[in-house]
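Summary of the model geometry
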Amino acid sequence: MSIEKETSAFWKGEFGDEYVQRHDAPRLVPAKRFQFQTMLRNTHGISSIMELGTNQGFNLKVLHEQFPEAELHGVEINENAAAMARKVQGVESITCASLLEVPVDRVYDLSFTAGVLIHIAPEVLPKAYQKLYDFSRKFILLSEYHNTSPQEIEYRGHRNRMFMRDFAGELLDSYADLRLLDYGFFYKRDPRYGLGDINWFLMEKG
Ligand SMILES: C[S@@+](CC[C@H](N)C(=O)[O-])C[C@H]1O[C@@H](n2cnc3c(N)ncnc32)[C@H](O)[C@@H]1O
């Protein structure tokens, strides 16, 4: 089985279903509200958004509050998570597919991933970058675990399921018309956030 098929099967199957069960909204939603208000503070004119790897749609939920008029779309590989994300208020469509294979049929003001590139096998990362780039009309946001050099980390007892690297740097190197607009760090001890340590990067196209 190819590494792409292996990681897709991991998230489509039992592990992905259990991930959905484990995540509790009361703690996540306020943290994500703070996160997105911070990460998108330097954007303007956002009326459509594409999230790659939505899980059950907590990010889209807070984005609907922040941009009530914006069209919200997503792609999610796990069927149970996709079904839940479709029920989130303000969400227009969730395609149940791999972000590596989903066709790009239109562009959005913002395309983004949050905790998703870290789970894509390094061999196929360029395909994920291409989707993020092709789906974006203006902004690309990454909220991931950063490391200056690529590193694989054991993930809940699994090998080859989590990777840290300079995702933003690789994206900026791949597309000459992208520029870094803003970036930052969320520390797990910040009571407004309180999840894992996360690095985020906002890029602008053109
Ligand atoms: C760690 S979760 C992050 C979920 C969400 N972005 C958030 O911030 O809460 C990773 C998500 O990416 C999804 N995923 C993993 N590989 C994917 C792929 N190739 N295509 C689409 N979704 C994928 C998983 O099913 C899971 O819902």
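**Some remarks on the overall build of the protein chain**
Within the protein chain, the secondary structure is distributed over 7 helices and 9 strands. Taken against the 2.2 N^0.38 rule, which gives 17 Å for 206 residues, the C-alpha radius of gyration of the protein chain at 16 Å falls within 12% of a compact globule. Projected onto its principal axes, the C-alpha coordinates of the protein chain cover approximately 40 × 40 × 40 Å. Evaluated residue by residue, the protein chain yields a buried proportion of 53% over its 206 residues. Within the protein chain, counting contacts between residues at least 6 apart in sequence, those at least 24 apart form 66% of the total. Within the structure as shown, the protein chain displays about 9800 Å² of accessible surface, and the carbon and sulfur contribution to it stands at 49%.

**Section: the environment of A81**
On the secondary structure map, A81 appears in helix 5 (residues 79–86). Put simply, A81 and Q56 are 25 residues apart on the chain and 4.5 Å apart in space, counted from C-alpha to C-alpha. If near-sequence neighbours (up to four positions away) are discounted, A81 is found in contact with V20, N55, Q56 and E76.

**Things to note about the packing of aromatic side chains**
Remark: the centre distance and the inter-plane angle together describe each pair of aromatic rings, the angle taken between the planes. According to the stated counting rule, one finds 14 aromatic pairs in the structure shown. Between the aromatic rings of Y133 and Y175, the centroid separation amounts to 4.0 Å while the plane-to-plane angle is 10 degrees, which identifies the pairing as stacked. Here the residue Y133 occupies a position in helix 6 (residues 125–135), and Y175 occupies one in the loop between helix 7 (167–174) and strand 8 (178–186), the gap between them amounting to 42 residues. Taking relative accessible area as the criterion, Y133 reaches 15% and is therefore assigned buried. A cation over an aromatic ring shows up here: K138 above the ring of F139, its NZ or CZ 5.8 Å from the ring centre. One residue, R161, lies across the ring of F10, its end atom 5.0 Å from the ring centre.

Basis of the calculations
Residues numbered from 1 in each chain as written. Predicted model: local features only at pLDDT ≥ 70, side-chain atom pairs only at ≥ 80, totals over all residues. Heavy atoms only, no water. Helix = DSSP H or I, 4+ residues; strand = E, 2+ residues; numbered from the N terminus. Rg over C-alpha atoms; globule rule 2.2 N^0.38 Å. Buried < 20%, exposed > 50% of the residue type's maximum accessible area, 1.4 Å probe, protein only. Contact = heavy atoms within 4.5 Å. Areas by Shrake-Rupley, 256 points an atom, 1.4 Å probe, with all protein chains shown as cover. Phe/Tyr/Trp six-rings, centres within 6.5 Å; stacked < 30°, edge-to-face > 60°. Lys NZ or Arg CZ within 6 Å of the ring centre and 35° of its normal.

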